[in-house]
Amino acid sequence: MATEQRKPLPFVANFAAGAIAGVSEILTFYPLDVVKTRMQLETGKAKHGMVGTLSSIVREEGFGRLYRGLVPPLLLEAPKRAVKFAANDFWGKTYMNLSGEAKMTQQLSILTGCSAGATESFVVVPFELVKIKLQDKSSTFAGPIDVVKQVIRKEGALGLYAGMEATFWRHFWWNGGYFGCIHQVRSLMPEAETQQAQLFNNFVSGSVGGFVGTVVVKSRIQGSSKVPGVVPKYNWTYPALLTIMREEGPAALYKGFVPKVLRLAPGGGVLLLVVEFTLGVFRKALGPPYI
């Protein structure tokens, strides 16, 4: 088939497609991210479910609060998703060359996704930290720049990388599952004969890939305030896991699970759909040998 022989798009095309997809996804699903973070930052027994948390935010703080902290992730989403899909393209080609495989396999897609997630995590952490601190109900920060200034003043530049370990493992495993599931689901779905059917397949496989478990540790680490001379309660991933389980029970690790899944499942579908659609536009614009 000609599709199999077409020349791969250049790195910049994958980077741009990921950036466009990231901005599209964050604008669509951001309120669910705010609800998820609030639920995860709540210590002790959960007082509200997803709907209760959402209605409480709107009733007590106004509808606009659902979009507080939007600037950091909006600035982040373009480079974050661009790095995700560009890194996935880079690692995929690298591993295929090393293994001698002509086509992507299930094992290579998981390895590629894990590597792309690890790469992405280094870009993500400072932006996520700023976003979480602004989404916290008790936040008194004037805005993103104020968060950065205060964190650096109190904790130094490395303070912006609080939660790096948890973020690394989250992106490592999540991306591995995401791209691995996409490969598996695509192989099980009927071959698309039209562009609309292809877009549908991309949305379904991306949604299934986005449906993965999540835990609360990263938000606790990044949301906690540091006091000079005092060891933070939530510092490293596994001690934080044990602390939360001991004080609040295993169920506390899955606070915010419902809004997270409601965002990640269709969000993953939107990401893949927009990426593939944008890459298709690039192929048509560039013409042969990319078509």
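Residues numbered from 1 in each chain as written. Predicted model: local features only at pLDDT ≥ 70, side-chain atom pairs only at ≥ 80, totals over all residues. Heavy atoms only, no water.

Note the following rule: UniProt positions are given in the numbering used here, feature names are shortened, and annotations may be inferred rather than shown by experiment.
An unreviewed UniProt entry annotates the protein as Mitochondrial carrier of Hydnomerulius pinastri MD-312. Quoted verbatim from the Subcellular location (unreviewed entry) field of the UniProt record, the comment on the protein reads "Mitochondrion inner membrane". As stated in UniProt under Sequence similarities (unreviewed entry), the record for the protein gives "Belongs to the mitochondrial carrier (TC 2.A.29) family."

**A look at the packing of aromatic side chains**
The condition is simple: Aromatic rings from Phe, Tyr and Trp, taking only the six-membered ring of Trp, are treated as a pair when their centres fall within 6.5 Å; an angle between ring planes under 30 degrees marks them as stacked, one over 60 as edge-to-face, and anything in between as tilted. The rule is simple: take the accessible area with a 1.4 Å probe, protein chains only, and divide by the maximum for that residue type; under 20% is buried, over 50% is exposed, in between is partly exposed. Per the convention used, a helix needs a DSSP run of H or I reaching at least four residues, while a strand needs a run of E reaching at least two, with both numbered from the N terminus.
Applying the stated rule across the entire model yields eight aromatic pairs. Relative to Tyr67, the ring of Phe63 has its centre 6.2 Å away and its plane inclined at 50 degrees; by these criteria the two rings are tilted. Judged by relative accessible area, which is 55%, Phe63 ranks as exposed. Ring plane angle 20 degrees and centroid distance 6.0 Å describe the contact between Phe168 and Phe172, whose orientation is recorded as stacked. In this pair, Phe168 and Phe172 both sit in helix H7 (residues 164-188), four residues apart, roughly one turn of the helix. On the accessibility criterion, Phe168 (21% relative accessible area) is partly exposed.

**Describing the pattern of salt bridges**
Selection criterion: Salt bridges, as used here, are contacts in which a Lys or Arg side-chain nitrogen is within 4 Å of a carboxyl oxygen on Asp or Glu.
Taken as a whole, this structure holds eight salt bridges when the rule is applied. Lys93 is the partner of Asp89 in a salt bridge, and the nearest nitrogen-oxygen pair spans 3.1 Å. Remark: Lys93 and Asp89 occur in helix H4 (residues 71-99); sequence separation between them is four residues, near one turn of the helix. Taking relative accessible area as the criterion, Lys93 reaches 32% and is therefore assigned partly exposed. Three or more residues are tied together by salt bridges with common partners; here these are Asp33, Glu128 and Lys131.

**Looking at the nonpolar core**
Nonpolar side chains tend to gather and get buried jointly when the protein is soluble and globular. Note the following rule: Joining through side-chain atoms within 4.5 Å is the link that ties buried Ala, Val, Leu, Ile, Met, Phe, Trp, Tyr and Cys residues into a set, and such a set is a nonpolar core. In what follows, residue pairs with any heavy atoms lying within 4.5 Å of each other are defined as contacts.
Core analysis: the largest hydrophobic core is formed by 17 residues, its most contacted members being Phe85, Tyr178 and Val275. Looking at this core, the elements that each hand over two or more residues are helix H2 (11-41), H7 and helix H11 (257-286). Ranked by residue count, the leading element in this core is H11, at six residues. Beyond its immediate stretch of four places on either side in the chain, Phe85 contacts Asn14, Gly18, Tyr178, Phe179, Leu271 and Val275.

**Overview of unusual backbone geometry**
The residue after Pro288, namely Pro289, is reached through a cis peptide bond having omega 10 degrees. By the secondary structure assignment, Pro289 is in the segment after H11.

**A short note on helix H5 (residues 106-135)**
Under the convention used in this document: Helix span, expected: 1.5 Å multiplied by one less than the number of residues in the helix. One fitted axis covers the seven residues ending at a residue, a second covers the seven starting there, and the bend at that residue is the angle between these axes.
With 30 residues, H5 ought to run about 44 Å at 1.5 Å a step, yet its terminal C-alpha atoms sit only 38 Å apart, falling short of that. Largest kink in H5: about 50 degrees, centred on Val124, with the proline Pro126 one to four residues after it. Counting buried positions along H5 yields 22 of 30 residues, so the element is predominantly enclosed.

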